[in-house]
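Single-letter residue listing:
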Amino acid sequence: MLNFTIGPVQMDKETLEIGQKQIPYFRTHEFSALMQENEKILCHLFDAPENSRVIFLTGSGTASMEAGIMNFFTKKDKVLIVNGGSFGYRFVELCQIHEVPFTEITIEYGKPLQKKILYQYDHQNYTGMVLQLCETSTGVLYDMNMVGDFCKKNNIFLFVDAVSGFMADEFSMKKMHINAAITGSQKALSLPPSMSFTIMDRESQERCCKHIVKSMYFNYADYLKNGERGQTPYTPAVSTLIQLNEKLKRIEKNGGIATINANIQRIADYFRKKIQHLPLKMFTALENSSNCLSALTIENNKINARELCEIIKNEYDIYVCPNGGDLAEKIFRVGHIGNITKEQIDQLIDAFDDLVKRKIL
Ligand SMILES: *Cc1c(COP(=O)(O)O)cnc(C)c1O
């Protein structure tokens, strides 16, 4: 089986080996030390400002999106949401559920956020902004330097969903003036699904400790307090955290974020070069695309995208990623994160070639 989806992705053998072992009890000094090391390395990889902290939440990326909205904002805020796809829309739904006042910047699928659009919201007393680094439904990479400068200028609290973009694309909390950012275990970190991580600067820590959060499990003040001794309030996905520790140390040892970033880019470039002769087209222009994935349309709509994913799964034992919602029939996605080799990409290309030969594609 080959897996080119955007999560869960193909894991490293080191990660798989840890997954086979018994899970230790976690209220111990040893586990606390491991957690403190996880926190330190994650802050380093996110290029987070001094005194940043990490919330280790057992729950997928959406749990941290929701917890972030609950802990960082209240009814008194005025939040800007960039909605250019299904993950942007998720923030809209979350602000509705939690009654956080918001304005939606709706962007056509596959298009970037333009400066002239963003600056229509200049000097308008917004207190928060939320968006994705990479909008995973279309692979658009937003210009986070531009967004960060805008937020700094307007004194806006910036919360970024970097779940899929972290490690695939350039990212720095310090340089981009980001207050809080999240990623998930099953994306580029290539761990099993189960956990998501929020890296928080001083201001975000103060924000959530000041609010009364109507939730027990999602109360960040509690996580921050427990985290001081390297613990979480409730039982976390212990094995994922041990796998995270091994992975983070391995990243640091092998050249840090720059090396991983370059690898993912190399895989993305290789794939994009290899599909040039095929009747597949990038849905999002190359200059606006994240390295995390390629969103593809099929020339002449010869086959519906969802059906194509089914055939590749059933007849070639390869997973590519269908889309949801409005785009389900039209586009599908190929992920570039996880443990993927060029030879495996060649196998995927062979499958596409075979489908062309069979006149299916
Ligand atoms: C994968 C992803 C999430 C989280 O999705 P879950 O299914 O909850 O893990 C959130 N945001 C983005 C941009 C993602 O790609």
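For the structure, see preceding data.
Residues numbered from 1 in each chain as written. Predicted model: local features only at pLDDT ≥ 70, side-chain atom pairs only at ≥ 80, totals over all residues. Heavy atoms only, no water.

Novice: Can you tell me about the overall build of the protein chain, naming the residues and giving the values?
Specialist: Along the protein chain, the regular secondary structure elements total 12 helices and 15 strands. In terms of overall size, the protein chain behaves like a compact globule, its C-alpha atoms giving a radius of gyration of 20 Å where 361 residues would be expected to give roughly 21 Å. Expressed as lengths along the three principal axes of its C-alpha atoms, the size of the protein chain is roughly 60 × 55 × 35 Å. For the protein chain, contacts bridging at least 24 residues in sequence account for 71% of all contacts bridging at least 6. Of the roughly 15900 Å² that the protein chain leaves accessible, carbon and sulfur atoms contribute 49%. Charge-centre separation for the protein chain: the mean point of 41 positive side chains lies 2 Å from the mean point of 42 negative side chains. (Helix = DSSP H or I, 4+ residues; strand = E, 2+ residues; numbered from the N terminus. Rg over C-alpha atoms; globule rule 2.2 N^0.38 Å. Contact = heavy atoms within 4.5 Å. Areas by Shrake-Rupley, 256 points an atom, 1.4 Å probe, with all protein chains shown as cover. Lys, Arg positive; Asp, Glu negative; His and termini not counted. Charge placed at Lys NZ, Arg CZ, Asp CG, Glu CD.)

Novice: How would you explain the packing of aromatic side chains if you had to name every residue and give the values?
Specialist: Here the structure, examined in full by the defined rule, presents 16 aromatic pairs. Aromatic side chains Phe46 and Phe166 sit 4.2 Å apart centroid to centroid with 15° between the ring planes, which places their arrangement in the stacked category. Of the two residues, Phe46 sits in the loop between helix 2 (29–45) and strand 2 (53–58) while Phe166 sits in the loop between strand 8 (157–161) and strand 9 (180–184), which places them 120 residues apart along the sequence. You'll find Phe46 and Phe166 in the same group, each marked buried. Site record: aromatic cluster; members linked through ring pairs are Phe72, Phe73, Phe91, Phe157, Phe159, Tyr220 and Tyr223. Sitting above the plane of the Tyr126 ring, Lys78 keeps its charged end 4.4 Å from the centroid. Against the face of Phe157 rests Arg207, its NZ or CZ located 4.6 Å from the ring centre. (Phe/Tyr/Trp six-rings, centres within 6.5 Å; stacked < 30°, edge-to-face > 60°. Buried < 20%, exposed > 50% of the residue type's maximum accessible area, 1.4 Å probe, protein only. Lys NZ or Arg CZ within 6 Å of the ring centre and 35° of its normal.)

Novice: Tell me about the packing of helix 11 (residues 305–316) against helix 12 (residues 342–357), and name the residues and values.
Specialist: With their axes 11 Å apart at the nearest point, helix 11 and helix 12 run at an angle of 110° to one another. One element, helix 11, and the other, helix 12, form an angle in the roughly perpendicular class. The residues of helix 12 that touch helix 11, namely those facing Leu308, Ile311, Ile312 and Tyr316, are Ala351, Phe352, Asp354 and Leu355. Per-class residue counts for the contact of helix 11 with helix 12 are 7 nonpolar, no polar and 1 charged. (Axes fitted to C-alpha atoms, helices over the stretch in contact; angles between N-to-C directions. Parallel < 35°, antiparallel > 145°, perpendicular 65-115°, else oblique. Nonpolar A, V, L, I, M, F, W, Y, C, P; charged D, E, K, R; others polar.)

Novice: Explain the environment of Ile318 residue by residue, including any values.
Specialist: Checked against the element boundaries, Ile318 lands in strand 13 (residues 318–319). When its relative accessible area of 4% is taken as the criterion, Ile318 is described as buried. Expressed as a C-alpha distance, the spacing of Ile318 and Ile242, which sit 76 residues apart in the sequence, is 29 Å. Among residues more than four places away in sequence, those in contact with Ile318 are Leu2, Phe4, Ile312, Lys313, Gln347, Leu348 and Ala351.

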